[in-house]
Amino acid sequence: MSSRDIFREDRESSEIPFNRPFFSGSEFEFIQQAIANWHLSGDGAFTRKCHALLERELNIAKALLTTSCTHALEMAALLLDIEPSDEVIVPAFTFVSTVNAFVLRGAHPVFIDIRSDTLNLAETHLERLITPRTKAIVALHYAGVACEMETIMEVAGRNNILVVEDNAHGLFGKYRGQYLGTFGCLATQSFHETKNFTCGEGGALLINDPQYIERAEIIREKGTDRSRFFRGQVDKYTWVDIGSSYLPSDILAAFLYAQLESRESIQARRKRIWEYYLDHLKDWAGNHGVQLPFVPDHCEQPYHMFYLLLPSLAERQALISYLLSRRIHSVFHYLPLHLSTMGRRFGGKEGDCPVSEDVSDRLLRLPFYNDMTESDQAQVVSAIQDFQWRRKYTLDFSALGAGAGVDELS
Ligand SMILES: Cc1ncc(COP(=O)(O)O)c(C=O)c1O
């Protein structure tokens, strides 16, 4: 059964949403099995299968499913014992959770600008942002294209700073042949509906330094040693540390396992979609001064997104409006965090991270979902090619029905 069979067709067939969830085929069967197992809470058979698959494929010490990437980041901040006197270096161009998780522990975020080619944190700026208070660097692999991990790990190691990878976009991407999420002491994944593999809302904490495993299990289970109890290592479980409830239901794990099992076919679909956009838009982009995604030779991307960098904010907004008028939903992405209300409270001001500010104004993400057909894509490409650069367009969401509410910042 495909996603198109399952979905009620409540949108015009000519409408192209930005994202739509995908069913790889075994989701319902696995959910039924989870129900038949009489195990709907966390850490059931399907959670264990997801853990084993991630640990085996990525060759990591431990994977723990969480209720979101946000929660995996919060666990990372707890595990690193982030305290109010600590500074954490974070990209200005990222999702709020990359930063908020550390601010929740009282850390002071130090915003680092991004590179204009990969849109990843500018590793050459790291040294001048490091102070005796710097505890950690959080590296987001934007669009699943790797940060310059060699430099980041070298600078961090020399300065005794911990590295956390926010790999929300990058599961199965690689840097110099090594999987993303396996460089820092900890890394986080997202299985939100907009990601390559999803269970609606979900995430994972990847643990590369085994010293964190035992405490991670405790933090994830409300600060108790319940995991040890279920393994028969203690005869009762009790409150031993701080923590929260970070484990997802086994029903969600069952859904996710179906997707992870289909990882090769999902990635092949996304590769085809990404390459279609590139092949059909590169001439148009070259003629109009539009920058397309850049993937360095030493990076293998997981084909998470396809974006355009328009020459200006006005042109980006005009293209979003024009595509909407053609029933195509494209979206902008992150607003620079140092200029957000919270970012300004930490001293952020215009001009601090000029590349982030500029890219945030000009970036537009094209519709991208696993069962996007060539005909869907041809519709998008043809609309882009018809766009008239000097005309004024107004934003009118009423052109779209279902799908218009997809979170633009995820
Ligand atoms: C870079 C990054 N980190 C973290 C998150 C948060 O993910 P989640 O929705 O799973 O909490 C997102 C959301 O899309 C993201 O883009």
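Remember, predicted model here, so these are calculated numbers, not experimental data.

Undergrad: Explain the packing of aromatic side chains here, please?
TA: Any aromatic ring pair is given by two values, namely how distant the centres are and how the planes are angled relative to each other. In total, this model carries 22 aromatic pairs according to the counting rule given. With a centroid separation of 5.7 Å and 75 degrees between ring planes, the pair formed by Tyr175 and Phe183 is classed as edge-to-face. In this structure, Tyr175 and Phe183 share a single accessibility class: buried. Look at Tyr322 and Phe387: their rings are 5.9 Å apart centre to centre, the planes differ by 40 degrees, and that puts the pair in the tilted class. Of this pair, Tyr322 sits in helix α12 (residues 313-325) while Phe387 sits in the segment after α15 (374-386), placing them 65 residues apart in sequence. Three or more aromatic residues joined by ring pairs form one cluster here, namely Phe93, Phe95, Tyr142, Tyr307 and Tyr334. Stacked on the ring of Tyr179, the Lys or Arg Lys174 has its end atom at 4.8 Å from the ring centre.

Undergrad: For this particular structure, what's the right way to read the packing of helix α4 (residues 69-79) against helix α8 (residues 213-220)?
TA: Helices that pack against each other are described as a pair by the angle of their axes relative to one another and the distance between those axes. Put simply, α4 and α8 touch, their axes get as near as 10 Å, and they point 125 degrees apart. By the angle between their directions, the pair α4 and α8 is classed as oblique. With respect to the hand of their crossing, α4 and α8 are arranged in right-handed fashion. Residues Met75, Leu78 and Leu79 of α4 lie in contact with α8, whose contacting residues are Arg215, Ala216, Ile219 and Arg220. Of the residues assigned to the contact of α4 with α8, the class counts are five nonpolar, no polar and two charged.

Undergrad: Hey, could you run me through the side chain of Asn167 in this one?
TA: Of note, Asn167 is situated in the loop between β5 (162-166) and β6 (174-175). A relative accessible area of 0% means that Asn167 is categorised as buried. Residues contacting Asn167, with those up to four places away along its chain left out, are His141, Leu180, Gly181, Thr188 and Gln189.

Parameters and conventions
- Residues numbered from 1 in each chain as written.
- Predicted model: local features only at pLDDT ≥ 70, side-chain atom pairs only at ≥ 80, totals over all residues.
- Heavy atoms only, no water.
- Phe/Tyr/Trp six-rings, centres within 6.5 Å; stacked < 30°, edge-to-face > 60°.
- Buried < 20%, exposed > 50% of the residue type's maximum accessible area, 1.4 Å probe, protein only.
- Helix = DSSP H or I, 4+ residues; strand = E, 2+ residues; numbered from the N terminus.
- Lys NZ or Arg CZ within 6 Å of the ring centre and 35° of its normal.
- Axes fitted to C-alpha atoms, helices over the stretch in contact; angles between N-to-C directions.
- Parallel < 35°, antiparallel > 145°, perpendicular 65-115°, else oblique.
- Left-handed = near helix turned anticlockwise from the far one by under 90°.
- Contact = heavy atoms within 4.5 Å.
- Nonpolar A, V, L, I, M, F, W, Y, C, P; charged D, E, K, R; others polar.

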